[in-house]
Amino acid sequence: MPTFSIFDFKFSILFTTLCQPCYKKQGTTSIIVPLMKLLEPYQLGPLNLSNRTVMAPLTRNRAKDTVPQDMHVTYYEQRAGAGLIVSEATQISPMGQGYPDTPGIHNDEQVAAWKKVVDAVHGAGGHIYLQLWHVGRVSHSSYHGGKLPVAPSAVKLNGNIMYPDFSYTGTDETPRALTTEEIPEVVEQYRVAAQNAKRAGFDGVEIHGANGYLIEQFLRTGTNKRDDDYGGSVENR
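Trainee: Residues and numbers for helix H2 (residues 108-123), please.
Mentor: For H2, which comprises 16 residues, the first-to-last C-alpha distance of 22 Å matches the rise-based estimate of 22 Å (1.5 Å per residue) to within 8%. Those residues of H2 that fall on the buried side of the exposure criterion are Gln110, Val111, Ala113, Trp114, Val117, Val118, Ala120 and Val121. Elements in contact with the buried residues of H2: helix H1 (70-78), strand E8 (84-91), strand E9 (128-133) and helix H3 (182-200). Two or three places before Glu109, at the opening of H2, Asn107 has a side-chain oxygen 3.1 Å from that residue's backbone nitrogen. Directly beyond the C-terminal end of H2, a positive phi value near 90 degrees is found at Gly125.

Structural data, given as structure tokens:
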């Protein structure tokens, strides 16, 4: 299994499935026969997984003031029997938040709280990655002291926002487009968040690049209307 180094931190490449099927001819019908058994151990880069199941990221909305709590320790420790856990989405900066009581990984208090979680998972024989997250325009000024959420372009979200009081309704706000100079700052926030994940003892990270959040907003022409080095062509986006 290949690995790659980013910011002097080794990350294992996590494939979407660890049980790749093969096809076997049975009479006139082709059937799928697993090459590998789900509960057998698996070597994922430097990690020796006890089985091939991966627990997907699940937002819990339990992190008071964006800091993981004791219930996070219990929750993840109880699920350490999975071959690999990918944590709930965790914002890389205060501006990355768009849901109530979601955890961060951008200050020392959060790192210390996550370390308790990681230690518990490791103590139970499990492995855990941290999912790094920035919601971009899927947010509201009520999370940011009145400041508008940021996005690749000033394109309003056509959908609902979950507000800090857990209400779920539309928004009249239009996000502020990041300046060209600000985009490297966001990249740096991802780098620091990855370093913080390493400090907390995580086995690796997964970068959230889907579901309409910041990275996908840059990738899609509907939300990226930029005419600088970060917009236009597929390569730029």
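Trainee: A description of the side chain of Asn51 should follow, citing residues and the corresponding values.
Mentor: Along the chain, Asn51 turns up in the loop between strand E6 (47-49) and strand E7 (54-55). Judged by its relative accessible area of 8%, Asn51 falls in the buried class. Among the polar contacts made by the side chain of Asn51, one reaches the main-chain carbonyl oxygen of Gly81 at a distance of 2.8 Å. Each residue touching Asn51, except ones within four places of it in the same chain, is listed here: Leu38, Leu39, Glu40, Pro41, Gly81, Ala82 and Gly83.

Trainee: Account for the pattern of salt bridges, with residues named and values stated.
Mentor: Here the structure, examined in full by the defined rule, presents 7 salt bridges. Measuring nitrogen to oxygen at the nearest pair gives 3.1 Å for the salt bridge that ties Arg199 to Asp108. Within this pair, whereas Arg199 is found in helix H3, its partner Asp108 is found in helix H2, the two being separated by 91 residues in sequence. Asp108 sits in the exposed class, given a relative accessible area of 54%.

Trainee: Quick one: what's the story with the nonpolar core, residue by residue and with numbers?
Mentor: Residues Tyr76, Trp114, Ile128, Leu130, Leu132 and Phe202 are the most contacted members of the largest nonpolar core, which totals 31 residues. Mapped by element, the contributors of at least two residues to this core are H1, H2, E9, H3 and helix H4 (214-219). Per element, the largest residue contribution to this core is 7 residues, and it comes from H3. In contact with Ile128, not counting residues within four places along its chain, are Tyr76, Leu84, Ile85, Ser87, Val117, Val118, Val121, His122, Phe202, Asp203 and Gly204. Counting residues in each nonpolar core, the second largest holds 9 residues, with Val138, Leu157, Tyr163 and Tyr213 among its members.

Calculation notes
- Residues numbered from 1 in each chain as written.
- Predicted model: local features only at pLDDT ≥ 70, side-chain atom pairs only at ≥ 80, totals over all residues.
- Heavy atoms only, no water.
- Helix = DSSP H or I, 4+ residues; strand = E, 2+ residues; numbered from the N terminus.
- Expected span 1.5 Å × (residues − 1).
- Buried < 20%, exposed > 50% of the residue type's maximum accessible area, 1.4 Å probe, protein only.
- Contact = heavy atoms within 4.5 Å.
- Polar contact = N/O pair within 3.5 Å; in protein donor to acceptor, adjacent residues only side chain to side chain.
- Salt bridge = Lys/Arg side-chain N within 4 Å of Asp/Glu carboxyl O.
- Core = buried A, V, L, I, M, F, W, Y, C linked by side-chain atoms within 4.5 Å.

So yeah, pure geometry; function would need other evidence.
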